[in-house]
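# Tertiary structure, described
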Amino acid sequence: MTRPEQIRRILESVRTIALVGASEKPHRDSHAVMAYLQGRGYRVIPVNPRLAGSTLLGETVYPNISAIPEPVDMVDLFLASHRVGAVVDEALRKPGVRVIWMQIGVIDEDAAQRAEDAGLEVVMDRCPKQEIPRLGVALATS
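Counting starts from 1 at the beginning of each chain's written sequence and moves along it residue by residue. Confidence filtering applies because this is a predicted model: local features only for residues at pLDDT of at least 70, side-chain atom pairs given and counted only at 80 or more, and all residues used for totals across whole chains, interfaces and linings. To obtain the side-chain values, all non-hydrogen atoms of the structure were included, while hydrogens and water were left out.

## Considering the sheet that holds strand 1 (residues 16-20)
The cut-off we apply is this: Only when DSSP finds a minimum of two bridges between them are two strands counted as paired. Secondary structure elements follow DSSP: runs of H or I no shorter than four residues count as helices, runs of E no shorter than two count as strands, and numbering proceeds from the N terminus. All axes are obtained by fitting lines to C-alpha atoms, using only the stretch in contact for helices, and the reported angles, taken between N-to-C directions, cover 0 to 180 degrees.
In spatial order, the strands read 2-1-5-6-7; together these 5 strands make up an open sheet with parallel pairing. Two strands lie at the open edges of the sheet, namely strand 2 (43-47) and strand 7 (121-123), each paired on one side alone. Each adjacent strand pair in this sheet contributes to an overall mean axis angle of 20 degrees, direction not counted. Pairing of strand 6 (residues 99-102) with strand 7 involves 3 bridges; the strand directions are parallel. Residue pairing in the sheet places Trp101 in a bridge with Val123 of strand 7.

Below is the structure:
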């Protein structure tokens, strides 16, 4: 169970987020969350193999987490739950990742346990766009 204090600390400490399942369609939740997080001061790097190489909200889209040429603090998953395990395993191999965040409705207990066993923090079945105002999280700063 993720406590509000833990979520607040995570959202106040991460700066760079890989958003897996990013969409170019403005009506999609992943697009709205990416734009919201950018507006709050986070660097959000979109990940979507279908859009790889294009630009989304000013950021280059990568095909997978491994292709991102810089460290990321958090991996935010907008995926069907059955696809989460492989992405979490990839994130575990990416230096610097300290948080796995699974969006509302995205639940994979086994993947969450693997991430926690590797020393990462896991937030599951929650949305940072909802948690930031609920918890009064300040703007991210460099």
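## Section: a negative patch on the surface
The following threshold applies: Here the term patch refers to residues with relative accessible area over 30% and no salt bridge, with like charges joined within 9 Å and nonpolar side chains (Val, Leu, Ile, Met, Phe, Trp, Tyr) within 5 Å. Using a 1.4 Å probe, the Shrake-Rupley method yields the accessible areas, and only the shown protein chains count as cover for residues. The rule for a salt bridge is simple: a side-chain nitrogen of Lys or Arg has to be within 4 Å of a carboxyl oxygen of Asp or Glu. As used throughout, the charge tally considers Lys and Arg to be positive and Asp and Glu to be negative, leaving His and the chain termini uncounted. Charged side chains are reduced to one point each, which is NZ for Lys, CZ for Arg, CG for Asp and CD for Glu. Each residue gets one of three labels from its accessible area relative to the maximum for its type: buried under 20%, exposed over 50%, partly exposed in between, using a 1.4 Å probe on protein chains only.
A contiguous patch of negative charge on the surface is contributed by Glu109, Asp110, Glu116 and Asp117. Secondary-structure assignment places Asp117 in helix 4 (residues 109-117). Among the residues examined, Asp117 registers a relative accessible area of 60% and is labelled exposed.

## Points about the pairing of strand 1
Quick note on the threshold: Convention used here: a crossover is right-handed provided that the path from the first strand, over the helix, to the second strand proceeds clockwise when the strands point away from the viewer.
Summarising burial for strand 1: 5 of the 5 residues are buried, a large majority. The side-chain alternation of strand 1 yields two buried faces, one formed by Thr16, Ala18 and Val20 and the other by Ile17 and Leu19. Judged from the 5 bridges that link them, strand 1 and strand 2 form a sheet pairing that is parallel. Opposite Val20, over in strand 2, you have Val47 as the bridge partner. Crossover strand 1 to strand 2 through helix 2 (residues 29-39) is right-handed. Taken together, the 4 bridges between strand 1 and strand 5 (residues 74-77) define a ladder with parallel strand orientation. Paired with Leu19 across the bridge in strand 5 is Asp76.

Geometric values such as these leave the question of function open.
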